Amino acid sequence: LKRIFEADPANEEVADLYLEALTSAGREQDALEVYQKILAADPAKLDIRDKLFRLALGQKRFDAAIAEAAALADAKREQMELDGGIEVFTVLIEAAPELPEARLAFAQFCSRAGRAEEGAREFVRYAQLIAASGDRDEARKALKQAQKLWPGHEEAQQVLDQLESAPVPSPPPPQEEAEAA
């Protein structure tokens, strides 16, 4: 099957059979390489991009899943399938709800798609996650972006007020820093 695919990688039927055989055999890395080869030849193949996104998500390679989700959602947006783009990010967020980068990518997609309310909400979720990790400056930027995207967003203002009124956490004592390293 590999030889047949390599002889004619544009043959979708052969590619599907080959990819199915690879994934059934547990050879996800080989399947990943085939997906990437197909996309290199034709980036418009949304079904292949979707499979690549789901493969990365299943392998918990979240950086790759976020990149594929963004590319897939933007392609759907260009085809006027905004709900399809939202669905891609919904799947990603369900798989990794505490991953700030996923929330940020979703917020940015919503912003590009003209979905101000959803985008502002996701900027707020991103800000909450990033503030919890200690990056208050980035959280402030995200909250300002939420307010810019959706003026009068009450939750963004509430979180910003909480962030401004919360004491700055003190750095850990030197002994704890050494143990953490």
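Reading guide: rules and limits
Residues numbered from 1 in each chain as written. Predicted model: local features only at pLDDT ≥ 70, side-chain atom pairs only at ≥ 80, totals over all residues. Heavy atoms only, no water. Phe/Tyr/Trp six-rings, centres within 6.5 Å; stacked < 30°, edge-to-face > 60°. Helix = DSSP H or I, 4+ residues; strand = E, 2+ residues; numbered from the N terminus. Buried < 20%, exposed > 50% of the residue type's maximum accessible area, 1.4 Å probe, protein only. Salt bridge = Lys/Arg side-chain N within 4 Å of Asp/Glu carboxyl O.

1. A look at the packing of aromatic side chains
Following the criterion strictly, the structure yields three aromatic pairs and no others. An angle of 15 degrees between the planes, with centres 5.2 Å apart, marks the rings of F89 and F106 as stacked. Taken as a pair, F89 in helix α6 (residues 82-95) and F106 in helix α7 (residues 100-112) lie far apart in primary sequence, 17 residues in all. Here F89 and F106 have matching classes, each one buried. Site record: aromatic cluster; members linked through ring pairs are F89, F106 and F109.

2. Thoughts on the pattern of salt bridges
By the definition in use, this model includes 15 salt bridges. In this structure, D30 engages R27 in a salt bridge whose closest nitrogen and oxygen atoms are separated by 2.6 Å. In this structure, R77 and D74 form a salt bridge, with 3.4 Å as the shortest nitrogen-oxygen distance. Of this pair, R77 and D74 both sit in helix α5 (residues 62-78), three residues apart, which is roughly one turn of the helix. Judged by relative accessible area, which is 22%, R77 ranks as partly exposed. With a relative accessible area of 16%, D74 lands in the buried category. Among the ionic contacts, a cluster of salt bridges with common partners joins D74, R77 and R112.

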